Structures are given as C-alpha cells and as structure tokens.
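# Coordinate inspection notes
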Amino acid sequence: MKKKLLVVGAHSGDFVWRSAGTLAKSIEEGAETLVIAMSYGERGESGELWKEDPKRSVESVKAIRHEQASRAADLIGTPIRFLDWGDYPMLLSDERVSQLTEIIGDFEPTVILTHSEKDPFNPDHPLAFQAVERARLLSCGAGVPSAFKNIDPPMWYSFEPHQPEICGFKPDTFVDISTVFDKKMAAMSCMGAQSYLKDYYAELAARRANHARRISGKKDIKYAEAHQSQLPRITNSIF
Ligand SMILES: [Zn+2]
C-alpha cells in the first residue's frame, strides 16, 4: 500500500519542531507527504519578529513566516500548503472544516499527524486537533459505503506538544530519526531567531532516543520523535 503522510499544524512552525524528522524519514522510505499550515502563527508564535520591531505589520510577519516555513519544507523535501486561517484566536467554521475535509479527501493520507487533544498553554492547538478529528471522520465516513466519496480511514497520531505531561500526552510510538536528524536541524535553523527552541527540540530528540533504546534494545537509535496514536493499530499478527 502507498504510504502517504499528512501533517497538520495550527501554525507554520509547528510541523518543524514536532515532526520534521518523521517527515524526512517517511520521505526516505518512499512515502508521499503533505504539510498543512492552518495559519502563519503571525500573532501568537512570532515573538522574535515582534520583539525586533513592534511596529511591523501583520502582513509582513506573515510573509516572513511563509518564507521560513517554505524553506524548512524544501529542506525536508515536502510540499506545504498555507491556509491562512489566522491565529490567536484561530476560529473554526463549517467552511474551514469542509476545506480540510476536501484536502484529506484529495490527498488520501494513510497516516495523519497533528496536535494533541489538550494544550492548556495554547488556544489554537486543541482547535487544530478538533478540526482534524472532524474532517478525518467526514473524509472516511463510518467505514461503510456512503452517499459521498470516502477514503480508507487513515491512522491518526498526535505529535509531541511542548509541555507533554500537562497536555496529557502519553507517547506510544517512537520514530527513529537518526538518519535524517541533520535535515531536522537544518529545517529548525530556518525558523528565525528561535534558537532556544532548536536546542530544546534537539535535546528532546536525544532524550526520546534514550527511551527508544531502552524499550527496544536498538543501540543505534541516536535521535527519535515521539507520537501518541489516537486509534488502535490493526495488524494481522501479534508479532
Ligand atoms: Zn503552534
């Protein structure tokens, strides 16, 4: 079966910190990928740009964020689409759910990766989760023939939030990103002056690799990204 990974982030930088390694690794394995940035994070997640020049316009911040995220996506090797829904607050309408449903229906992902259900530190991340949850269900129906086009139900994961414990994030899937970690570092470097986040996520990848090594005994895992599945995994064998 064709591997197709769809990553949906509320803000244009989210996919880089939380899933750049998984994206690059999937591409290395021959998967087709697509990143959706629901907004540029122009108001709430562009602190360095606003600190630099509080008088700059929202449009100029969006242009910079567009360029940064596009460059990061290029380095990883994935297409990216910007929906420009606005942030802080992001609002969800029937039209936006339909737009996302159409994107999922057209791309037909086999795996979707998005935010965690809870995030007490962020008003937009849980909304992105809700939008994806609804659009995914509308794209695949109830798993039976329906009155509309329905795709095979994609697997669905949450990527790791910034404060995992407080977000109720319980990782159950670790992706070994050792072979593509240089790409994640390069992609993180595109995201402006947020060097503190680059260091933070590099350390996190090393820490998750330590957990992955201890769970699996695979001693060559140097970097990993953690995700949480939202659905049971279906296999034809326990092995
Ligand atoms: Zn975000």
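Rules used in this analysis
Residues numbered from 1 in each chain as written. Predicted model: local features only at pLDDT ≥ 70, side-chain atom pairs only at ≥ 80, totals over all residues. Axes fitted to C-alpha atoms, helices over the stretch in contact; angles between N-to-C directions. Helix = DSSP H or I, 4+ residues; strand = E, 2+ residues; numbered from the N terminus. Left-handed = near helix turned anticlockwise from the far one by under 90°. Contact = placed C-beta atoms within 7 Å. Nonpolar A, V, L, I, M, F, W, Y, C, P; charged D, E, K, R; others polar. Buried ≥ 20, exposed ≤ 12 C-beta atoms within 10 Å, placed from the backbone. Core = buried A, V, L, I, M, F, W, Y, C linked by C-beta atoms within 7 Å. Parallel < 35°, antiparallel > 145°, perpendicular 65-115°, else oblique. Pairing = 2+ DSSP bridges.

Moving on to the packing of helix α1 (residues 14-28) against helix α6 (residues 181-189). Their axes nearest at 9 Å, the elements α1 and α6 cross at an angle of 145 degrees. Of the two elements, α1 crosses α6, and the hand of that crossing is right-handed. On the side of α1, the interface is formed by Val16, Trp17, Ala20, Gly21 and Ala24, while α6 contributes Phe181, Lys183, Lys184, Ala187 and Met188. Looking at side-chain class alone, the contact of α1 with α6 contains 7 nonpolar, 1 polar and 2 charged residues.

In this model, tyrosine 88 is joined to proline 89 through a cis peptide bond whose omega is 5 degrees. As for its placement among the helices and strands, proline 89 is situated in the loop between β3 (80-82) and α4 (94-107). Unusually for a residue other than glycine, aspartate 84 sits at a positive phi of about 55 degrees. Positionally, aspartate 84 belongs in the loop between β3 and α4. By the C-beta count within 10 Å, which is 14 here, aspartate 84 ends up partly exposed. Positive phi values are uncommon outside glycine, yet tyrosine 88 reaches one of about 40 degrees.

Leu6, Ala72 and Ala224 are the most contacted members of the largest nonpolar core, which totals 54 residues. Excluding residues within four positions of it along the chain, alanine 224 makes contact with Phe174, Val175, Asp176, Ile177, Ala205, Arg208, Ala209 and Ala212.

Moving on, we come to the environment of cysteine 167. Looking at the element boundaries, cysteine 167 is found in the loop between β5 (155-159) and β6 (173-176). Distance in space between the C-alpha atoms of cysteine 167 and glycine 105 is 29 Å, their sequence separation being 62 residues. Apart from residues no more than four positions distant in its own chain, cysteine 167 is found in contact with Ser116, Lys118, Asp119 and Pro161.

With that settled, the discussion passes to the packing of α4 against helix α5 (residues 125-140). At a minimum axis distance of 8 Å, the contact between α4 and α5 shows a crossing angle of 55 degrees. Judged on the interaxial angle alone, α5 and α4 are oblique. In terms of crossing hand, the pair formed by α4 and α5 is right-handed. Residues Arg96, Val97, Leu100, Thr101, Ile104 and Gly105 of α4 form the contact with α5, whose participating residues are Ala131, Arg134, Ala135, Arg136, Leu138 and Ser139.

Bringing the environment of arginine 207 into the picture now. Take arginine 207: it is sitting in helix α7 (residues 195-216). A count of 13 C-beta atoms within 10 Å places arginine 207 in the partly exposed class. Sequence separation of arginine 207 and tyrosine 223 is 16 residues, and the distance between their C-alpha atoms is 7.7 Å.

In spatial order, the strands read β3-β2-β1-β4-β5-β7-β6; together these 7 strands make up an open sheet with mixed pairing. Bordering the open sheet on either side are β3 and β6, each of which pairs with just one other strand. Pairwise comparison of adjacent strand axes, ignoring direction, gives a mean angle of 25 degrees for this sheet. When strand β1 (residues 4-9) meets strand β4 (residues 111-114), the two strands line up parallel, connected through 3 bridges. Bridging from a neighbouring strand, leucine 6 pairs with isoleucine 112 of β4. Most of the contacts of helix α3 (residues 58-76) go to β3, to which it runs at about 160 degrees, and overall it touches β2 (32-37) and β3.

A few words now on the environment of proline 79. Topologically, proline 79 is positioned in the loop between α3 and β3. Setting aside residues no more than four positions away along its own chain, proline 79 makes contact with Leu34 and Ala73.

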